[in-house]
Structure formats: C-alpha cells, structure tokens
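# Structural overview
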Amino acid sequence: MLGPDFPFPYDDWLSHPDGLGRIPDEYRGVPVAVIGAGISGLVTAYELMRLGMRPVLYEAGPIGGRMRSPAFDGRPDATADLGAMRFPSSATAFNHYLELVGLETRPFPNPLSSASGSTVIHMGGERHYARCPEELPDIYQEVGAAWDKALQEKAEFFAMNDAIRRRDTAAIKAIWNPLVRDLDNESFHGFLAQAPTFQSFRHREIFGQVGFGAGGWDTDYPNSILEILRVVYTGAEDDHRLIVGGSQQLPLGLWAHRPDDLAHWPAGTSLESLNHGASRGRVRGIERTADGIRVHGMDGTAAVYPAVVYTPHKRTLVTNVRCAASLLPQPVWTAVERSHYMGSSKLFVLVDRPFWRERDPRTGREVMSTTLTDRMPRGVYLFDDGPDRPGVMCLSYTWNDDSLKMAPLTVEERLVSVLDVLSEIYPEVDIRSRIIAPPRTVTWETEPHFMGAFKANLPGHYRYQRRLFTHFMQDELPGHQRGLFLAGDDVSWTAGFAEGAVTTGLNAVWGVMNHLRGVTRPSNPGPGDLFHALAPVDLPDD
C-alpha cells in the first residue's frame, strides 16, 4: 500500500538494520503520552519504547480499538471480528508487526474468491450462484470490464499500478498530482456516471452491489473518487487475509511483546510492564502548560508530558475530550470539524458446525454460500475451523444508510430481520436452530468513543486530509502548537485500513523523535526527512 499521496517506504524504514533513529541521552526514560490503544497507538508506543522513551498509554476501553474480537459466551475459542477483519497482503508495514508478534493468517473468504468456495448474488429478487466471477451472467462480466476500462481511461490504472510496484516515486507523482487537481471535486458515482462504459444505470446498480474485491461499494458512491483510487491502486482490495483467533491479538501482542533491541530499557521490558499492567483509562482533557502538555484523566489524575500522540478518531477531540483550542492550528481544527465518517454495523452468530459446507442432494451445491444481497443483510460471510468445530457466521455487514437501519434495533430484532431475508434466499436452511450462543453485534456510529467506523472524504475534502496528515511536520509551527501529534487511520490517506493506522503512527514516532531533538541515521531516513521530496500536492485555497 505505497500510497500515491506520500509514497514513503515505511516497510523499508522498519526493517532497516540501523533502526528508526536515536534520541539524546537526557530524554531516555522520559514519559510520552499515547492516547488510544488501538493498532496505531500500540505501534506508536512500541516504537517509542524501543527508542528509549517511556510510553504512557491512555485508553477508554479494552486494548485494541476497532481491532475488537470478543469471544462468544461460553466459547473462548470462537471470536467475532467486530471491526477490522481482513487485511491485504500489500499492507507491508502492518504485516511487519504481524510477523513480529508471530500471528497466523489465512485467506479471507471474500465473495467470489477461492477461500469462500462459492458465492450467491441476490439482487432484485434474482439469485445467482458462482464459484468465480466468470460463472456469473454476462451482464456481470460487462460490469467488471466497464470498471477496468473506466479506471484505465480516466485514471491511468495500469501506469500507476506499475509505478507503485516499482516504487518509482517520480512516476507516481507525475500521474497522481494532476489527478488530485482534476478529481478532488468528483464523487465516486459522478466518476462512474461520466465514464462512457457506465452510461447504463443498470451497470452502476450492479457494480454498487457486487463491486470489486471485497464486495459492493454503492454506500461509498457519495465519497470522493480519490478515496477509491487510492484503494485500487495499492491493491488494498486484493488478496485479503484474516488473523486466526481474531484481529485483536495483534494489539494485545504488541502490548505484551518484549523487544530484544531496546535502546534504554532492560531486557524483558514490554509496554505492559512499563504501564504496570493496565492503561490509564479515558482522557478528560488536554492543555498546554509552561513545561509541556498536561493530560487529564477521567479519574482525576493529571500528568505533564513533553509530547503527546493522539490516535482515536479525531472527532472525539470535539466531543469527548476538552482540548485547548490553542494546541492545534486553526486550519487543522477546521479539518477535524469537517471530517466525514462512514457508519457500519455487523451481526455475528456462532453455530454448531459449518453446515454451509454440506451439499444439497438436489443441486450438488453447498447449502449456503458467501452472500451479497441488496436486502438488509447486504454481506454474509462464513468462517470455519473444520467440520468438527463450531462455525462463525457474519450474518450482516452493512454501511452508512444500511447501518442506520440496524442502529435502533435490539440484538434480537436485528437477528429476526436478517434471518427473515436469508430464509427467502435459502428457504431450505434453518439458521436459527443451529445457533449455540448469543449474537455479537456492533454499530460503530453509536459507539461513544468512535462515532463511526472510519473516515471517508467527501468531494472537495482533499485539503482537509492534507492538513491532518502533514501535522506531524511541526518545525514551522509556533512553540505553543508543537508536541501534540495526530495519528490513526483517519489521519492517513487510506482510512479504514489498518495500514494507514500503522503508518501514521510511524509518522508520529518520527515527529516525537524530532521534537525531542532526536535524529534518524543517514542510512535510514524517516518520513519527515524525506517529506519535502515526497510531500502531498498542496492545492491552493483561492
């Protein structure tokens, strides 16, 4: 996922034998606050610890953030990934930490992938069964070809894909920067509607349901087309994998991991040991003092730090945390206020066994498949660990308006609504009789510490995104606005992907190191060292 906006090779920086850098001796052991213990906060804290600082973590909920994998009641070996659940192989910085912690992955059962076995597309009351895209009716082949052609004719897909694979930053910029200027005001739907290959409403409707890679994208139609291009250019919708045992294992693994290359701390030190086994809880406020930045906890405690990294959704700076206005430049505050977030709901159940693998004697097909439908469930995903173990079913995965339909419903009402639709698609399958534990569900826009699944820029929001992403470069800011760093996937150019959470955390690591007069080694320059050579194009305001 070498992004076209800022094509810095984070994976190379992480894997270089000379390390990320070093800090002056007087700052070794200095406490630095990291607010939020999702994957961005854990990566940030882990690397600050390796550099010799003492990260102090604050977290309002359990460690993991949207990498949340609760177990089903009475079955600790069966989990539901309520947030992040599929990760592209192109997410090389994220995969660095997967390998570091030693987690096992396997292919994610996306629609029409070999891992899913089979897929049912249910649209307009019609049902189509397929094991691969080529088995769908001809009109679906036309839609797929129309998307490929639109990407090439309107967005130079092949040239950009090749430049990213070769890591040719000059070629990437030569293609991308003009596209930003031309397409910043264009929505996803507008891009399709203006493409000669998508003049048919029926084609746009089918594409919205079936989409590319992981499924339909019509709930993304109002968003900026630049958001979509970043995803397809970087392979973020291809070759997805899941983390066996649940995605929350990664942040928990970093919390407990004991690096063998610490710059200051004794062998055996971990984030868990430095934080005495627990985070400091929720943050109530952040303010500037004469000697640093004071963080107030909800428990009444307060501490002053020379640097603070804020990784939760940035809208919580407006709603949940009393943050002094002077800590951020006014244009950054405007970007925070104007950010648009996608909503999302999921509903999981645990069943006695992966019965969907059984064959219907009349058709010879599986009795149930990965399903995409224009009805309330929208996406149905099936997970199994073998025929003799319980199976996990994601009965519904919805976005935006579809998610809002779920928001006011109780867990049982959600289950009834979804099962009613699935009984029409699969009239011979009795799912409810196989459920062996209470459902697990979430609606991210109603979660008080999130209020959304992830950010998705609307047309015209490029400038706001640039302000947030580049905030880690603080040398030109006045002194009273230095030291608070923003990180998290909503600061990245690829919100909704853990890779963006990881890479903006690494930007913050460089920012804190630079703020404390640390340096990278000449052999391994960091994102701030190469910023001006790779900086996102700066669109004029006038």
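For the structure, see preceding data.
The sections below set out a description of the structure shown in this document. These numbers come from a predicted model, not from an experiment.

This part is about the overall build of the chain. A tally of helices and strands in the chain yields 18 helices and 22 strands. Taken against the 2.2 N^0.38 rule, which gives 24 Å for 542 residues, the C-alpha radius of gyration of the chain at 23 Å falls within 12% of a compact globule. Its C-alpha atoms put the chain at 75 × 55 × 40 Å along the principal axes. Looking at the chain as a whole, 60% of its 542 residues are labelled buried. On the chain, roughly 21,100 Å² of surface is accessible, and the fraction owed to carbon and sulfur atoms is 49%. Averaging the coordinates of the 53 positive side-chain charges in the chain and doing the same for the 67 negative ones gives two points 4 Å apart.

A word on the packing of aromatic side chains. Summed over the entire model, instances satisfying the criterion amount to 29 aromatic pairs. Note on Phe87 and Phe94: the rings are 4.6 Å apart at their centroids and 20 degrees apart in plane angle, and the pair reads as stacked. Like Phe87, the residue Phe94 is buried in the burial classification. Aromatic side chains Phe108 and Tyr381 sit 5.7 Å apart centroid to centroid with 55 degrees between the ring planes, which places their arrangement in the tilted category. Linking Phe108 in the loop between strand 6 (105–107) and strand 7 (119–123) with Tyr381 in strand 18 (residues 379–384), this pair joins segments that are 273 residues apart in sequence. Tyr381 gets classed as buried once you look at its relative accessible area, which sits at 3%. Connected via pairs of aromatic rings, a cluster forms that spans Phe6, Phe8, Tyr10, Trp13, Tyr462, Phe469, Phe472, Trp493, Trp510 and Phe531. Seen from the ring of Phe191, Lys154 lies directly overhead, with NZ or CZ sitting 5.0 Å from the centre.

With that settled, the discussion passes to the pairing of strand 2 (residues 54–58). Within strand 2, five of the five residues are buried, which leaves the element mostly enclosed by the surrounding structure. Of the two faces of strand 2, the one holding Arg54, Val56 and Tyr58 and the one holding Pro55 and Leu57 are both buried throughout. Across five bridges, the pairing between strand 1 (residues 31–35) and strand 2 is parallel. Looking at strand 2, one finds that Val32 is bridged to Pro55. Each parallel crossover has a hand, and the one from strand 1 via helix 2 (residues 39–51) to strand 2 is right-handed.

What follows concerns the nonpolar core. Of all hydrophobic cores here, the largest spans 105 residues; its most connected members are Phe94 and Trp147. In terms of residue count, helix 17 (residues 498–515) provides more of this core than any other element does, nine residues in total. Non-local contacts of Phe94, meaning those with residues more than four positions away in its chain, are made with Met67, Phe87, Ile243, Leu250, Ala498, Glu499 and Val502. Listed in part, the 26 residues of the second largest apolar core include Ala335, Leu468, Leu484 and Leu486.

Turning next to the pairing of strand 16 (residues 344–351). A large share of strand 16 lies buried, amounting to eight of its eight residues. Judged by which residues are buried, strand 16 turns out to be covered on both faces: Ser344, Lys346, Phe348 and Leu350 on one side and Ser345, Leu347, Val349 and Val351 on the other are all buried. Pairing of strand 16 with strand 19 (residues 391–399) involves eight bridges; the strand directions are antiparallel. Following the sheet pairing, Val349 is matched in strand 19 by Met393.

In this section: the pattern of salt bridges. Within this structure, the stated rule accounts for 34 salt bridges. Among the ionic pairs, Glu447 bridges to Arg68, the shortest N-O distance being 3.3 Å. Of this pair, Glu447 sits in the loop between strand 20 (440–443) and strand 21 (454–455) while Arg68 sits in the loop between strand 2 and strand 3 (71–72); the two residues are 379 residues apart in sequence, bridging distant segments of the chain. Residue classification places Arg68 among the buried residues on the basis of a relative accessible area of 18%. If you follow the salt bridges from partner to partner, you end up with Asp218, Arg378, Asp402 and Lys405 in one network.

Rules used throughout
- Residues numbered from 1 in each chain as written.
- Predicted model: local features only at pLDDT ≥ 70, side-chain atom pairs only at ≥ 80, totals over all residues.
- Heavy atoms only, no water.
- Helix = DSSP H or I, 4+ residues; strand = E, 2+ residues; numbered from the N terminus.
- Rg over C-alpha atoms; globule rule 2.2 N^0.38 Å.
- Buried < 20%, exposed > 50% of the residue type's maximum accessible area, 1.4 Å probe, protein only.
- Areas by Shrake-Rupley, 256 points an atom, 1.4 Å probe, with all protein chains shown as cover.
- Lys, Arg positive; Asp, Glu negative; His and termini not counted.
- Charge placed at Lys NZ, Arg CZ, Asp CG, Glu CD.
- Phe/Tyr/Trp six-rings, centres within 6.5 Å; stacked < 30°, edge-to-face > 60°.
- Lys NZ or Arg CZ within 6 Å of the ring centre and 35° of its normal.
- Pairing = 2+ DSSP bridges.
- Right-handed = clockwise from strand over helix to strand, strands pointing away.
- Core = buried A, V, L, I, M, F, W, Y, C linked by side-chain atoms within 4.5 Å.
- Contact = heavy atoms within 4.5 Å.
- Salt bridge = Lys/Arg side-chain N within 4 Å of Asp/Glu carboxyl O.

The quantities given are spatial measurements derived from coordinates; they are silent on function.
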